[in-house]
Amino acid sequence: MSVATARNYVPESPRRTAQVIPAAHRFAAPDVSGLAGVVLHYARGTEIVAEEDPAEYIYQVVEGTVRSCKLLSDGRRQIGAFAMAGDYFGLEARATHGYAAEAITDVTLRLINRNAAFTAAGQDPAIARTLWEVTAKGLDASQRHALLLGRKTALEKIGSFLQEMAERQGCDAEVELPMSRQDIADYLGLTIETVSRTMTQLESAGTICLETSRHVLLRRPSELARLSLC
C-alpha cells in the first residue's frame, strides 16, 4: 500500500499571515526513537486494530491520521481521539485494546513491541521516562476530552476543537481537517447537523472562514482561544 502524500495548501490570496504557535503551546509528542520498531503502511479506511484485540504493540503515527473509536450497543459510535503525525496510541492499561483504531487517511505507522518496550524501560531510565511521558500525554488528552463532552456547549466544543487542531498543526491562521464532519460529531458528542450549523455560526460571526469543508481559515484565533477556555 502506498504512503499518503502530504497535501500542502497555500491560499491564493492569504488574508492574514500565519503565525507559528510557540513550541510550549503545541501538543509535543515524546520521542521513543531509542526503541526498535517496524514501519507499516495502511490504506485509508483500514482497521488497524479492533476492540479487544491483544495489545501487542505501541503505535507511533509517522504520517497520516488515525481515529480511535468504540461502537456502543445501540450502534452509536464514540471517537476517543485523533492520532496525527508524531502521536502514539495503543499503550493500554490492560492486555487488550479498549478502542478500535482506523486509518482516516493513508497512514504510515511505526510498531513497537510492547513487551520489548517494557523490558527496555526497566533497563534504561530515559526510555522509562519517555513511556511515562506518552502515558501522561494520553491522560491529559483524555481529561480534555472529558471536559469537552461533559461541560461545554456546542459552540464551545467546536471552538475548542479548532483551537486544538491549530495547536497540533502549529499554526494559528488555518487548519486542515483530515477527518469528516461525522468524525468531528462523534468525537464531540454532537450530531452532524449541529456541527455544520455551529461551523456556519462561527463563519457568520467572522471567527472562521470555510474555504472548504476540510480547510478552515482562522480569522479570530483569540476568540477560539476564549471558547476553548470556557
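Note that this is a predicted model, so its numbers are computed, not measured.

What counts and what doesn't
Residues numbered from 1 in each chain as written. Predicted model: local features only at pLDDT ≥ 70, side-chain atom pairs only at ≥ 80, totals over all residues. Heavy atoms only, no water. Salt bridge = Lys/Arg side-chain N within 4 Å of Asp/Glu carboxyl O. Helix = DSSP H or I, 4+ residues; strand = E, 2+ residues; numbered from the N terminus. Buried < 20%, exposed > 50% of the residue type's maximum accessible area, 1.4 Å probe, protein only. Pairing = 2+ DSSP bridges. Axes fitted to C-alpha atoms, helices over the stretch in contact; angles between N-to-C directions. Contact = heavy atoms within 4.5 Å.

Undergrad: Is there a simple way to think about the pattern of salt bridges in this case?
TA: Opposite charge on two side chains makes pairing possible when the charged atoms of those side chains draw close. Under the definition given, this model contains 13 salt bridges. With its nearest N and O atoms 3.3 Å apart, the salt bridge here joins Lys137 to Asp87. Of the two residues, Lys137 is situated in helix α2 (residues 125-151) and Asp87 in the loop between β5 (77-83) and β6 (88-89); the sequence distance between them amounts to 50 residues. Accessibility expressed as a relative area gives 25% for Lys137, which makes it partly exposed. Linking Asp87 and Arg168 is a salt bridge whose minimum nitrogen-to-oxygen distance equals 2.4 Å. Here Asp87 is found in the loop between β5 and β6, whereas its partner Arg168 is found in helix α3 (residues 154-169), with 81 residues between them in sequence. When its relative accessible area of 8% is taken as the criterion, Asp87 is described as buried. A network of salt bridges, in which partner residues are shared, links Arg67, Arg77, Glu102, Asp183 and Asp186.

Undergrad: Got a minute to help me understand the sheet that holds β5 in this structure?
TA: Pairing between the strands of a sheet comes from backbone hydrogen bonds, and it takes one of two forms, parallel or antiparallel. Spatial ordering of the open sheet is given by β2-β7-β4-β5, a layout of 4 strands whose pairing is antiparallel. Since the sheet does not close on itself, it has two edges, and those belong to β2 (47-49) and β5, each with one partner. Each strand axis lies, on average, 35 degrees off the axis of its neighbour in the sheet, ignoring direction. The sheet contact formed by strand β4 (residues 66-71) and β5 spans 6 bridges and is antiparallel. Bridging across to β5, Val66 finds its partner in Ala83. The sheet contacts of helix α4 (residues 181-188) involve β4 and β5, and relative to β5 the element is tilted by about 105 degrees.

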